[in-house]
There are 2 protein chains.
Amino acid sequence: MLEKTTRVNFLFDFYQALLTPKQRNYMELYYLEDYSLGEISETFTVSRQAVYDNIRRTESMLEAYEDKLHLYEKFKERQELLNQLVTVLDDQEFLQAEKLVKALKELE
Amino acid sequence: MLEKTTRVNFLFDFYQALLTPKQRNYMELYYLEDYSLGEISETFTVSRQAVYDNIRRTESMLEAYEDKLHLYEKFKERQELLNQLVTVLDDQEFLQAEKLVKALKELE
């Protein structure tokens with residue numbers, strides 16, 4: 001469950017600009033502010049079920065955007081390469097560092 | 001004009017997964033294969049005006065996605081940082097390299 005939440009948080013971070021204001025509101029309250037479905041439904045005077053459906057639909061949209069654009073996947077790859085690069089720089093091994101820079105450039 | 005074409009090509013590269021198959025077809029033929037509007041309209045047996053309108057609308061969509069997600073802008077920033085990093089590695093100046101890696105990590 002924690003892993004799923006982390007993933008949704010990252011996807012929300014990358015793709016929130018493509019959501020409607022209502023979708024963004026519900027997601028922010030539920031995932032970032034830790035509101036319950038009941039609290040959100042009271043805040044917006046809509047049914048708990050409507051909030052639930054909206055959030056589930058938004059999660060599916062975020063996954064659909066990720067399937068198409070892979071921003072989270074590429075972000076993780078880039079972070080991994082940068083972590084390796086930092087290690088290499090500590091070891092002062094230049095050739096390896098240059099290989100990693102090349103890999104990073106080719107990632108886009 | 002060349003600068004505009006380069007920009008559209010990059011935006012197409014980043015956001016083509018969000019376009020419809022028809023939009024992708026027209027854009028590929030026009031921008032990548034260098035077909036004229038007339039040639040595309042003959043290929044698909046539609047009017048030249050329809051092809052023109054579709055391509056202009058697609059260009060607007062690509063710019064709208066860029067306004068929201070900034071993938072091309074971030075790509076250019078990252079390339080610039082990586083170019084600086086390569087220079088620094090050639091000079092064997094470690095501290096600077098580490099600063100750049102930090103900047104790269106914070107970019108996402």
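Residues numbered from 1 in each chain as written. Chains lettered and ligands numbered in written order. Predicted model: local features only at pLDDT ≥ 70, side-chain atom pairs only at ≥ 80, totals over all residues. Heavy atoms only, no water.

The name given to chain A in an unreviewed UniProt entry is UPF0122 protein OWO01_09250, with Natronobacillus azotifigens as the source organism. Recorded in UniProt under Sequence similarities (unreviewed entry), the annotation for chain A is "Belongs to the UPF0122 family." UniProt lists a comment for chain A under the heading Function (unreviewed entry), and it reads "Might take part in the signal recognition particle (SRP) pathway. This is inferred from the conservation of its genetic proximity to ftsY/ffh. May be a regulatory protein." (UniProt positions renumbered as here; feature names shortened; annotations may be inferred.)

Caption draft 1: Region of interest: a negative patch on the surface. On the surface, a cluster of negative charge is made up of E28(A), E33(A), D34(A), E39(A) and E42(A). The topology assignment puts E39(A) in helix α3 (residues 37-43). (Patch = residues over 30% accessible without salt bridge, like charges linked within 9 Å, V, L, I, M, F, W, Y side chains within 5 Å. Areas by Shrake-Rupley, 256 points an atom, 1.4 Å probe, with all protein chains shown as cover. Salt bridge = Lys/Arg side-chain N within 4 Å of Asp/Glu carboxyl O. Lys, Arg positive; Asp, Glu negative; His and termini not counted. Charge placed at Lys NZ, Arg CZ, Asp CG, Glu CD. Helix = DSSP H or I, 4+ residues; strand = E, 2+ residues; numbered from the N terminus.)

Caption draft 2: Region of the structure containing the relation of the copies chain A and chain B. The transformation that overlays chain A on chain B combines an axial shift of 0.1 Å with a rotation of 180°, and the residual RMSD is 0.1 Å. Here the transformation between the copies is reduced to the relation of a two-fold axis. Both copies share a contact surface, since 96% of the interface residues of chain A are interface residues in chain B too. (Least-squares fit on C-alpha atoms with pLDDT ≥ 70 in both. Contact = heavy atoms within 4.5 Å.)

Caption draft 3: Spotlight on helix α2 (residues 21-32) of chain B. All names here are of chain B. Counted at 1.5 Å a residue, the expected span for α2 with its 12 residues is 16 Å, and the 15 Å between its end C-alpha atoms agrees. Considered for burial, the residues of α2 that qualify are Q23, Y26, M27, L29 and Y31. Just beyond α2, the residue with positive phi is D34, at close to 60°. (Expected span 1.5 Å × (residues − 1). Buried < 20%, exposed > 50% of the residue type's maximum accessible area, 1.4 Å probe, protein only.)

Caption draft 4: Quick look at the nonpolar core. Residues Y15(A), I55(A), L62(A), Y15(B), I55(B) and L62(B) are the most contacted members of the largest nonpolar core, which totals 42 residues. Not counting residues up to four positions away in its chain, the partners in contact with L62(B) are V8(B), L11(B), F12(B), Y15(B), L19(B) and M27(B). Listed in part, the 16 residues of the second largest apolar core include L85(A), L89(A), A97(A) and L81(B). (Core = buried A, V, L, I, M, F, W, Y, C linked by side-chain atoms within 4.5 Å.)

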